[in-house]
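The chain contents come next:
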Amino acid sequence: MAEPGVETRTRSSVITARAAASFDPVGRSVAAARAFVRDTLQGWGYSDIVDDAVVLTSELVTNAVIHAGTAADVLCLRTDQGVRVEVGDRYPEREVPIHGAHHVLGHPDHENGRGLLLCAALASRWGVDYTPTHKQVWFQLDLPQRPVGTRSAGPALPAALLPVADEHVRVAVVQIDRTGAISAWNEDAAHVFGYASEQVVGKPLTDLAAWPHTPGTGTGIAEALQLSRWEGSYGIRGADGRVVPVYASHLRVRDTQGEPSTVCLLVRDDERAVLQTPQRAAVSDAGRESRTTDPFEVFIGSPAPDDLDGLLQRTVERARDMLDGDAAFLLLATDDETELEVRATTGLPSARQRFARVPVEAGTGRYGSARMPAVHEDLTAVPGAVPLLNSTGMRSVVTVPLKVEGRLTGSLGVAAEAAGRYSNEEALRLQFAADRIALAVESARLGELERLRRGSLSFLVEASDLLAGTLDRDQTLALMAQMTVPTLATWCAVYTIADQSSDPYLSYVLHEDEERIDGLKDLLSRIDPPDPVPTPGARVWTSPNDAARQAALLVSKRELGYGSSRPVSSGIGVTLATAAAVGGETVVLPLVARNRVIGMLTLGKPTDDHFRQEILELAEDLSRRAALALDNSRLYSERMAISQSLQRSLLPPGLPQIPGVEVEVIYRAAGEGNEVGGDFYDLFPIRDDAYGFAIGDVCGTGPEAAAVTGLARHALRLLAREGFGGPAVLERLNAAILDEGARSRFLTLLYGELWPQEDGSAVLKVVCAGHPLPLRLRQDGTVSPAAEPQPLLGVMDDLELYEQTVTLDPGDVLLCVTDGVTERREGTRMLGDDGLVDVLKTCTGLTAGAVAARVLRAVERFAAEPASDDMAILAMRVPEPHAI
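Throughout what follows, the structure given in this document is the object of discussion. (Residues numbered from 1 in each chain as written. Predicted model: local features only at pLDDT ≥ 70, side-chain atom pairs only at ≥ 80, totals over all residues. Heavy atoms only, no water.)

**Section: the pattern of salt bridges**
Considering all chains together, one arrives at 28 salt bridges under this definition. Linking arginine 318 and glutamate 59 is a salt bridge whose minimum nitrogen-to-oxygen distance equals 3.5 Å. A residue pair is termed long-range when its members are at least 10 positions apart, and arginine 318 in helix 8 (residues 308–322) and glutamate 59 in helix 2 (residues 50–68) qualify at 259 residues. Look at arginine 318 and you get buried, because its relative accessible area is 9%. (Salt bridge = Lys/Arg side-chain N within 4 Å of Asp/Glu carboxyl O. Helix = DSSP H or I, 4+ residues; strand = E, 2+ residues; numbered from the N terminus. Buried < 20%, exposed > 50% of the residue type's maximum accessible area, 1.4 Å probe, protein only.)

Here you go:
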């Protein structure tokens, strides 16, 4: 059984007028159909049902020309009961569901079926007719039953339901001349406010009026008096100093001499029913109980979108339809209430307007004209009056404010391509809708703002952690780019500046599509970098967009054969893709650290949308953190380079080739970034056929120990080449260390001199001053110390040392190590001297390099943790005669 109000055939009625039109399957036809229905019904004098008819026609024509993709035929029939509108398309196979017990028309947020939902909600009757070539949806709107001669009337109510008023209802009649001064003041006005006529005539009404929620008395009321018709609430300051809340109805008139003035009818606010225009009740079908309709749901539809963008887009679409406009836009106030930001548009030729910001007047009357409805009959007569509509082809526009508790939160506007389309009547209708939507919009905006702030804080906390976790410059650059793409932008580029005299250098480029990175990098490298301006905040940079468009145009011309003898097709795809990638807005943010511009962060997107201010503010916060991290990495890299350069100067430049002796050295300094520590080694020629060698360990690690290392190594070379023997060399070195005073550190040192012999052996003279004893590995696998222990250096003034002579036979190995090898620990276990001896016993027959490598491998495998002490290994081997 069909739902009440839904029919599949026409009821018999007398048709008294007919109007028909066809519309092509293009988007512009929807607006044309709305204009046709509005003009037709207003011509018949049916203004009471025009709004509902226009809304229903708009939805049904949209279904035909947009979704069905066919021409739409609209037929308006005037009957003795009301108006019937038929909308047909030429796609009969596209079924329309019937609203029955087992069928639903669709979701209001979906385009499919929304027109039929509106028919069910607004029309007195509606139905669907099919023919072999056409499908037709029709609806009928009945005229409201009103007493003869009335323009607007409410229902007849029992006396108990009538509004309460004083026994004597007083309506103050005040007339205001063209200058805003009071020219007439009746007795009721004198009774309500306490002023006699002679006390107020000639004074500006603004002296008495208290505009709600506005500092002072002169903001708002002056604009209201300039409108041809206005209705609303404000306050009048009475003779006793108290503000009397009133409800007012203003009508602007002119006398027989053409002088304009405004007649104001005022009643106490609690008696506003005397003047307030009643809301037009929804038309209900005969036999159906009337229902209370929320004005918000009437305008937006139910259910309303639960996201801000959806709500704003629905608002501009409904506003455009309601006033039969060609375009509509909605702006929201920024947090500091100094600008209005474009958040939703429809019908405007470019989406670039989205998120654009419109400045407003400053001063005590902030927002001035934005606080009141405004009608511009012809924008060409006042160029720039509405900057948002510049170069859009719109001629007339009406704008109204969105207010919540007297605070301006936004602005809603509807525009048309024709001039003179709107008057104050349309402004009042749009204001009525704006008043119903303002609270919902502000609530959704605050919810979105709270979500954005929470997301921003989480983003910045994570970014700070990541940036603080590295001191590597290249990794910092990569993190900066990866955090911005795609969260904040589609692509980004980072420019760095080495010093004050250097030009910006393109250091890193990233695009969310990896295939676009090379083309984007090539484009940016061919244009001048942005200027390193230290001014905080984002600024627009148009060079990438301009360069990309020029390159795409040039390549396209060459592809078509213009300006070249033959077409060139290679690279056109990459060029056009790059042009599309940077075709939107590009902004530059300075990277400032320690009062110096060290680079620029460039963000871009391919769409025409402006960057949202919240995104730019988040990017600015990120750029400050990234700049400091980048500068820290630069300082760390510079200091590391200096440190490493100094440390390398403490190491021997190279090992000399000793005839008849194999030598291998392995050196490991503890600590990240350290190349030299407290352990050191050296091997150097003293004179012909004589070589000096040393391996030592300064107490401690790091730069302080490295300083003593440098002193010891250079002193050993100098003293040995002066002809001093081993004990004399170490005694003089001991005195030099003690001369360092508080900076001195004790030192263990193994020093020796080596003479290769003609018989293939090698003679060594060794002094071991507090150092781990050198170990001698013979060919038979036995291991024994090659020297005796003596006092270490840097402790006693009077030091008497002696040297010992050792002869290495062919195949013998001399192993010298620092205590970083023998004191290698794993828990309570330690490698020790015995463990080193066991390792060395397994090295019989190995070369010096293999011996050193095996010892190092044994030390590393002894414990899982990295070594915490410096380590040096010096292996010398006299090869056997057949191996020479």
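Anyway, onward from the coordinates.
**Let's talk about the sheet that holds strand 12 (residues 260–268)**
Reading across from one edge, 8-7-12-11-10-9 is the order of the 6 strands in this open sheet, with antiparallel pairing throughout. One side of each edge strand has no neighbouring strand; the edge strands of this open sheet are strand 8 (182–185) and strand 9 (209–210). The pairing of strand 7 (residues 172–176) with strand 12 spans 5 bridges and is antiparallel. Paired with valine 174 across the bridge in strand 12 is cysteine 264. (Pairing = 2+ DSSP bridges.)

**Re the packing of aromatic side chains**
Counted under the stated rule, the structure contains 5 aromatic pairs. For the ring pair tryptophan 185 and tyrosine 195, a centre distance of 6.4 Å and an interplane angle of 75° mean the geometry is edge-to-face. You can see tryptophan 185 sitting in strand 8 and its partner tyrosine 195 sitting in the loop between helix 4 (187–193) and helix 5 (197–200), a full 10 residues away along the chain. Taken together, the ring pairs connect Trp185, Phe193 and Tyr195 into an aromatic cluster. One Lys or Arg, arginine 84, reaches over the ring of tryptophan 138 and ends 3.9 Å from the middle of that ring. Above the face of the phenylalanine 432 ring, arginine 436 is positioned so that its terminal group lies 3.8 Å from the ring centre. (Phe/Tyr/Trp six-rings, centres within 6.5 Å; stacked < 30°, edge-to-face > 60°. Lys NZ or Arg CZ within 6 Å of the ring centre and 35° of its normal.)

**Notes on the sheet that holds strand 26 (residues 690–698)**
In space, the 5 strands of this open sheet follow the order 25-26-27-28-31, with antiparallel pairing throughout. Single-partner strands in this sheet number two, and they are strand 25 (679–687) and strand 31 (804–808). When strand polarity is set aside, the average angle formed by the axes of neighbouring strands in this sheet is 20°. Where strand 25 and strand 26 come together, 8 bridges link them in antiparallel fashion. Pairing of aspartate 679 across the sheet is with aspartate 697, part of strand 26. In the packing of helix 16 (residues 726–738) onto the sheet, contacts are made with strand 27 (747–756) and strand 28 (762–769), and the angle to strand 27 comes to roughly 150°. (Axes fitted to C-alpha atoms, helices over the stretch in contact; angles between N-to-C directions. Contact = heavy atoms within 4.5 Å.)

**Here we look at the packing of helix 8 against helix 9 (residues 424–468)**
Helix 9 packs onto helix 8 with a crossing angle of 170° between their chain directions and a minimal axis gap of 10 Å. In terms of axis orientation, helix 8 runs roughly antiparallel to helix 9. Counting all contacts with helix 8, which are made through Leu308, Asp309, Leu311, Leu312, Thr315, Ala319 and Met322, the residues of helix 9 involved are Arg429, Leu430, Ala433, Ile437, Ala440, Val441, Ala444, Arg445 and Glu448. Per-class residue counts for the contact of helix 8 with helix 9 are 11 nonpolar, 1 polar and 4 charged. (Parallel < 35°, antiparallel > 145°, perpendicular 65-115°, else oblique. Nonpolar A, V, L, I, M, F, W, Y, C, P; charged D, E, K, R; others polar.)

**Notes on the packing of helix 18 (residues 832–841) against helix 19 (residues 848–862)**
Where helix 18 contacts helix 19, the axes come no closer than 10 Å and their chain directions differ by 135°. Relative to helix 19, helix 18 is oriented oblique. Note on packing geometry: the crossing formed by helix 18 with helix 19 is right-handed. Packed against helix 18, whose contacting residues are Leu836, Val839 and Leu840, the element helix 19 presents Val851, Arg854, Val855 and Ala858 at the interface. A per-class count over the contact of helix 18 with helix 19 returns 6 nonpolar, no polar and 1 charged. (Left-handed = near helix turned anticlockwise from the far one by under 90°.)

**Points about the environment of threonine 131**
Within the secondary structure layout, threonine 131 lies in the loop between strand 5 (125–130) and strand 6 (135–142). In this structure, the C-alpha to C-alpha distance between threonine 131 and arginine 90, residues 41 residues apart in sequence, is 9.6 Å.

**Considerations on the pairing of strand 5**
Of all the 6 residues making up strand 5, 5 are buried; the element is thus mostly covered by neighbouring parts of the structure. Taken together, the 6 bridges between strand 5 and strand 6 define a ladder with antiparallel strand orientation. For tyrosine 130, the partnering residue across the bridge sits in strand 6 and is lysine 135.

**A few points about the nonpolar core**
Core analysis: the largest hydrophobic core is formed by 34 residues, its most contacted members being Leu41, Trp44, Val61, Val74, Cys76 and Phe139. Every element with two or more residues in this core is listed here: strand 2 (15–23), helix 1 (28–43), helix 2, strand 3 (72–79), strand 4 (82–89), helix 3 (114–122), strand 5 and strand 6. Examining the composition of this core, we find that 8 residues originate from one element, helix 2, more than from any other. Apart from residues lying up to four places away in sequence, valine 74 is in contact with Ala19, Ala20, Ala21, Phe23, Phe36, Val37, Val61, Val85, Glu86 and Val87. Core analysis: the next-biggest nonpolar cluster, separate from the first, contains 32 residues, Leu591, Ile598, Leu616 and Ala629 among them. (Core = buried A, V, L, I, M, F, W, Y, C linked by side-chain atoms within 4.5 Å.)

**Here's the deal with unusual backbone geometry**
Put simply, valine 485 and proline 486 share a cis peptide bond, and its omega is 0°. Summarising the element assignment, proline 486 is placed in the loop between helix 10 (473–484) and strand 19 (491–496). The backbone of aspartate 324 sits at a positive phi, close to 55°, despite the residue not being glycine. Accessibility expressed as a relative area gives 4% for aspartate 324, which makes it buried. At serine 391, a residue that is not glycine, the phi angle is positive and equals roughly 65°. Within the secondary structure layout, serine 391 lies in the loop between strand 16 (374–376) and strand 17 (396–404). The exposed category is assigned to serine 391, whose relative accessible area is 79%.

**Here's the deal with the side chain of aspartate 326**
Within the element layout of this structure, aspartate 326 appears in the loop between helix 8 and strand 13 (327–333). Among the polar contacts listed, one links the side chain of aspartate 326 to the backbone nitrogen of glutamate 417, at a separation of 2.7 Å. Non-local contacts of aspartate 326, meaning those with residues more than four positions away in its chain, are made with Arg28, Ala31, Arg320, Thr346, Gly347, Met394, Ala415, Ala416, Glu417 and Arg421. (Polar contact = N/O pair within 3.5 Å; in protein donor to acceptor, adjacent residues only side chain to side chain.)

**A word on a nonpolar patch on the surface**
The grouping of Phe746, Val795 and Met796 at the surface amounts to a nonpolar patch, some 270 Å² of accessible area in total. Locating phenylalanine 746 in the fold gives a position in the loop between helix 16 and strand 27. (Patch = residues over 30% accessible without salt bridge, like charges linked within 9 Å, V, L, I, M, F, W, Y side chains within 5 Å. Areas by Shrake-Rupley, 256 points an atom, 1.4 Å probe, with all protein chains shown as cover.)

**Notes on helix 18**
Taken together, the buried positions of helix 18 are Gly832, Gly835, Leu836, Val837, Val839 and Leu840. On the buried face of helix 18, the contacting elements are strand 29 (775–777), strand 30 (783–785), strand 32 (813–817), helix 17 (819–822), strand 34 (829–830) and helix 19.

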